[in-house]
Amino acid sequence: MKNRLLLTMAATAAIGVGSAAGAANAADFSKARIPVIVKATTSQYWATVFDGARAAAKVLGVKIETQGAPAETDVAGEVSIMENAIASHPTAIVIAATNAVALAQPIAKATAAGIPVIMIDSAANTTKFVTFLATNNETGGQKAADEIARCVKARTGKAAGNVAYLTALAGAQSLNDRDKGFVEQLKKYPGLKIVDHRVGNNDASKALSDSEDILTKHPKLVGIFADNELEGDGAGTALSEKKLGGKVCLVSFDTSSQEIKFVRNGVIDGLIVQNPYMMGYAGVWYALAAAHGAVFPKFVDSGVHVVTKANIDSPAMAGLLDPKKYKLTPFLGD
Amino acid sequence: MKASLTDLRHRLPVETYVAGLTVLMWIVLAFSSPYFWTGGNVTNILRQVSIAAVIAYGELFTVILAGIDLSVGSVAGLSGIVFAMILSAGYPILLALVAGLAVGFVIGTVNALASDRLGIPPFIVTLAGLQAFRGLALLMSGGMTIAGLPNAIGTIANTTIFHIPTLFVVMAVIGVCSHFVLRYTRLGRYMYAIGSNAESARRVGIDVTFVTLVAYCVSAVFAAVGGMLLVARLSMGTPTAATGYELQAIAAAVVGGASLFGGRGTIIGCFIGALLFTTIGNGANLLGVDPFWEMVIEGLLIAAVVYLDNIQKRRQAGIA
């Protein structure tokens, strides 16, 4: 929160200095060239990052180059894209590292060549970068715990009862962070007790079976947290199959179309939504500011929001669910 | 008397032991979890076993021929995506169903021809398919989940007929038909004959190419049915759906008494094998067993059952 404010100030200051210094500096902006390199050009998520980056480029009057390998598994592809970008001496580089180890060296090389690097979404194992702008997954997990507590309280009068959570896959850092945030935050509600935890196979059908069994085993369950969209799809299907939509509070990460449907018909109580648009948008702003001397904290939270039935149709959330509808909003608060 | 009992015990097929183990597990679970033997949980088990069993039945046909089909999981994924995309575009259910089945039929034909005519081992042909068909599913869907299917689809998959889930009914019908074909038709006997000794089968005039074609088509079409049932159950198509199901299917067939060397295996055994794994998964969830331990237990079980089966076969040979 404090970080975000500081940043906005820093960025504004840097751009402000630019325009105050006169026409010569403003012309520099139009020459500025910023490659935006993502993990995969074929996915909706990264297309949204590009949308945000393009919007920022338009506002700032800079040129961006949207690049990336076709698939997230093509690590070597991203490394060569990065090497080519460095060779072309751009103003700054915005990159989401497909592989933390493989991209560490190229990113450090760019920094050594005097090119500021803004990392978005996924970091590489190096300290030679300007800032890392990403979803704070732990915060997302905390918000999920708060949302379950709120929902249970709204339905039963007090935040108390048995809760279970579903992990999509063992060994993924982002999921571990979400779960950690959730488990820690839930301790603040002494009435809510975690009674079950299942690890899936990133498979909606397994999530469905697991959820059914959890609901069988704990008939008094009041809440479920699902830590990605396939788990949310599966848990939502289990609740709607057993007609428990209005009874068990389900909170899930991400925004699959199935999940959005479940929010609308009351099966899912809340979705924890990341903001890839802002990663692209702010990433380009920061890149330009950094190229003109702005200094940033090493980690910046790109924000996580809670979407519920109450706010799902609000203009502020519409863009998070459907990037085509994204409108830049005034400061939203926390 | 005693001798004939021992004799009987030695002649009992491995299915009996696996069925016994499953029943034993039910009894233990009934005592250790108050929720196991409830109507809701039994319905859950019936639903959970259905899709795995349908895919395992198809796999069994290729295993009997001493072949293997590693592509069933990917075929299920691909036909599921085709099915879901046609439905979400607003076309009628029947068209989507036919298209999904056609995917299975075409793939089965390709698998059979490549292994029988081109002489590529089925393991390799279907391993290539496992990769390629999953890729196609991802390509067609752009890696995204396909939603927006008509509500009727989810309703069909999640209703019950006289308290029995429709999924289970579909699985049972497919199972009974398959059992009939394998047990009581000439085609079925040819399959066992080819699996026991392909060369002698060829010499007595069995059309090996045709029988192989049928077996691989059955395998792929059943996988396609499984994939579409999965889509119906979740009311959405996921390109990564049914990943790894080929191994589950093989495990169910083998635990149920099929031999990877061919010539042996029954639909009933296959069903019991699938039921055993579903029971383990359900029991592990109800008892709160660590999911990683669950995998270890399943692995040990496969090894133990096949070992038992081998001992049994040696004893039978000794008696004969």
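Residues numbered from 1 in each chain as written. Chains lettered and ligands numbered in written order. Predicted model: local features only at pLDDT ≥ 70, side-chain atom pairs only at ≥ 80, totals over all residues.

On to the interface of chain A and chain B. Facing 25 residues of chain A, the contacting portion of chain B comprises 27 residues. Mapped by element, the contributors of at least two residues to the side of chain A that touches chain B are β7 (192-199), α8 (204-217), α9 (229-241) and α10 (257-264) of chain A. Ranked by residue count, the leading element in the side of chain A that touches chain B is α8(A), at ten residues. Considered class by class, the residues forming the side of chain A that touches chain B number five nonpolar, ten polar and ten charged. (Contact = placed C-beta atoms within 7 Å. Helix = DSSP H or I, 4+ residues; strand = E, 2+ residues; numbered from the N terminus. Nonpolar A, V, L, I, M, F, W, Y, C, P; charged D, E, K, R; others polar.)

Another aspect to go through is the confidence of the model for chain A. Summarising the model, chain A shows a mean pLDDT of 87, and 90% of its residues fall at 70 or more. Every residue in residues 16-27 of chain A scores below 50 in pLDDT, and together they form five contacts with partners more than four places removed in sequence or on other chains. (pLDDT = per-residue confidence, 0-100.)

Here we take up the domain arrangement of chain A. Examined at the domain level, chain A breaks down into domain 1 (2-134 + 275-302) and domain 2 (137-274). The gap between the C-alpha centroids of domain 1 of chain A and domain 2 of chain A is 34 Å. (Domains from an automatic or database assignment.)

Here we take up the sheet that holds strand β12 (residues 304-308) of chain A. Residue and element names in this part refer to chain A. One open sheet holds the six strands; their spatial order is β7-β6-β8-β9-β10-β12, and the pairing between them is mixed. A single partner strand is all that each edge strand has here, and the edge strands are β7 and β12. Averaged over all adjacent pairs, the angle separating strand axes in this sheet is 20°, with direction ignored. Sheet topology places strand β9 (residues 249-253) next to strand β10 (residues 270-274); three bridges connect them, and they run parallel. Opposite Phe253, over in β10, you have Ile272 as the bridge partner. (Pairing = 2+ DSSP bridges. Axes fitted to C-alpha atoms, helices over the stretch in contact; angles between N-to-C directions.)

With that settled, consider the packing of α9(A) against α10(A). All names here are of chain A. Running from amino to carboxyl end, α9 crosses α10 at an angle of 45°, the nearest separation of the two axes being 9 Å. Judged by the inter-axis angle, α9 sits oblique to α10. Between α9 and α10 lies a crossing of left-handed hand. In contact with Glu229, Gly232, Asp233 and Gly236 of α9, α10 contributes Gln258, Glu259 and Phe262. Broken down by class, the residue content of the contact of α9 with α10 amounts to one nonpolar, three polar and three charged. (Parallel < 35°, antiparallel > 145°, perpendicular 65-115°, else oblique. Left-handed = near helix turned anticlockwise from the far one by under 90°.)

This prediction gives chain B a mean pLDDT of 90; 95% of its residues lie at or above 70. Across the predicted assembly, pTM comes out at 0.78 and ipTM at 0.76.

To continue, consider unusual backbone geometry. Most peptide bonds take the trans configuration, and most residues that are not glycine carry a negative phi. Although it is not a glycine, A:Lys243 adopts a positive phi angle of roughly 50°. According to the C-beta neighbour criterion, A:Lys243 is exposed, with 9 such atoms within 10 Å. For B:His163, which is not a glycine, the phi torsion comes out positive at approximately 70°. Topologically, B:His163 is positioned in the loop between β1 (160-161) and β2 (164-165). (Buried ≥ 20, exposed ≤ 12 C-beta atoms within 10 Å, placed from the backbone.)

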